[in-house]
Structures are given as structure tokens and as C-alpha cells.
Amino acid sequence: MFNIVKLQLEHLQELAKEPDNDHLRAWFESTHARAMADAEETVAGFVNDELMVVAGLTPYWKGRAYLWCTFSIKAKMNFVPVFRGIFRYMQESPYRRIEMDVPLDLKHTAVAMRRAEMLGFVMECHRAKYYRPGGGDSALYSWTKET
């Protein structure tokens, strides 16, 4: 069973220790991590009391938000409950349009793109140049809730 709890700083620190998330370590350990944990719509998802994913929705305005998420390596072994839980989180949100980006310069870019599409996101831009804070390019995706 997938359980969602309010995101805590410790959840970010735990995922930052995993090799697949080492590109996020500095960011997770910065002051941004505290702001993420304190934000209203940030969550941690667990299966059998093991952390699988951290995620959040950052609102642009009413009806539109940006989804960010980071997976644990353990999520691969719990694929179905994790993805159902994330989808439920998006469905239960107040947003009709949710956007996300996938960095194009990571070793697991193809996996992230597949995950986005499995959640129902549609690619709207194949390469947004200099999109990332460090200047990297990203693919841009959106998901819309049918009412």
C-alpha cells in the first residue's frame, strides 16, 4: 500500500544518499531543501514504511502547477503502487494543468521521460535550451485533468 505523508527534511537527505540522486545532493543539502520541506504541497511516498519518492506541486496560479519529484532506487521494485500513488496525488490536487521538465543531460533521462509518459504527461517541447538553473536543457511536459 502506498502512503503519503508530509515531506520532512530527513526524507530529502535520505534520497540524496542514493547514487542515482547524487546530481541532486548539493541542492538537497542547500537552503532550498528546507524551503521544499516547508512548502504546503510537498509529500513523501512510502510503500511498507520504505521511502519511495518525494514530490511537490509548486503553484503558478489557480489551476496550474509544476510537479517535481525524486525517486528512490527502491521504487523500481514497487512500481505499480508508487505510480498509482503519484497519479492519485495529481488527481486529488486542485490543479487542472500540471507541468514538469526532464533534464536532458542525466544518465537516466530516458527513464525519467518514460515515467513522465506513463503518468500521462505529454511532451510539449523536445528541448528547452538553458531551462535548468545551471544552464542545462530540458524536455517540457504537461498533464491535464479532465473535468
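Everything numeric in this text was worked out from a predicted model, so none of it was measured. (Residues numbered from 1 in each chain as written. Predicted model: local features only at pLDDT ≥ 70, side-chain atom pairs only at ≥ 80, totals over all residues. Heavy atoms only, no water.)

## Points about the pattern of salt bridges
Two side chains with opposite charge may pair up if their charged atoms get near one another. The full count for this structure, using the stated rule, is nine salt bridges. A salt bridge links Asp137 to Arg127, with the shortest nitrogen-to-oxygen separation between them at 2.8 Å. Remark: Arg127 occurs in strand β6 (residues 122-128) and Asp137 occurs in the loop between β6 and β7 (138-144); sequence separation between them is 10 residues. On the basis of relative accessible area, Asp137 is assigned to the buried category, the value being 12%. Residue classification places Arg127 among the partly exposed residues on the basis of a relative accessible area of 47%. Three or more residues joined by partner-sharing salt bridges are found here, namely Arg64, Arg97, Glu99 and Glu124. (Salt bridge = Lys/Arg side-chain N within 4 Å of Asp/Glu carboxyl O. Helix = DSSP H or I, 4+ residues; strand = E, 2+ residues; numbered from the N terminus. Buried < 20%, exposed > 50% of the residue type's maximum accessible area, 1.4 Å probe, protein only.)

## Quick notes on unusual backbone geometry
With a phi close to 50°, Asn48 is a non-glycine residue in the positive phi region. Owing to a relative accessible area of 60%, Asn48 belongs among the exposed residues under this scheme. In this structure, Tyr130 is a non-glycine residue whose phi angle is positive, near 55°. Relative to the elements of secondary structure, Tyr130 occurs in the loop between β6 and β7. Looking at Tyr130, the relative accessible area reads 62%, which means it is exposed.

## Overview of the confidence of the model for the protein
When pLDDT is averaged along the protein, the result is 88, and 97% of the positions lie at 70 or above. When pLDDT is averaged over each element of the protein, β7 comes out on top at 97 and helix α2 (residues 25-28) at the bottom at 71. (pLDDT = per-residue confidence, 0-100.)

## Some words on the sheet that holds strand β2 (residues 42-47)
The strand order across the open sheet built from seven strands is β1-β2-β3-β4-β5-β7-β6, with neighbouring strands paired in mixed fashion. At either margin of the open sheet sits one strand with a lone partner, and together these are β1 (2-6) and β6. Here the strands of the sheet are splayed against their neighbours by 25° on average, with no regard to which way each runs. Pairing analysis gives six bridges linking β2 to strand β3 (residues 50-61), with the strands arranged antiparallel. Residue pairing across strands places Val47 opposite Glu50, the latter belonging to β3. Of the strands in this sheet, β1, β2, β3 and β4 (64-71) touch helix α1 (residues 9-16), which is tilted by about 115° from β3. Packed on one face of the sheet, helix α5 (residues 109-118) meets β4, β5 (97-103), β6 and β7 and runs near 165° to β5. (Pairing = 2+ DSSP bridges. Axes fitted to C-alpha atoms, helices over the stretch in contact; angles between N-to-C directions. Contact = heavy atoms within 4.5 Å.)

## Here we look at α1
Among all positions in α1, only Leu9, His11, Leu12, Leu15 and Ala16 are buried. Axial view of α1: buried residues confined to an arc of 160°, hence all on one face. (Arc of directions from axis to C-beta.)

## Thoughts on the environment of Glu124
Here Glu124 lies in strand β6. Linking Glu124 and Glu50, residues 74 residues apart in sequence, is a C-alpha distance of 34 Å. When neighbours within four sequence positions are excluded, Glu124 is seen to be in contact with Arg97, Leu140, Tyr141 and Ser142.

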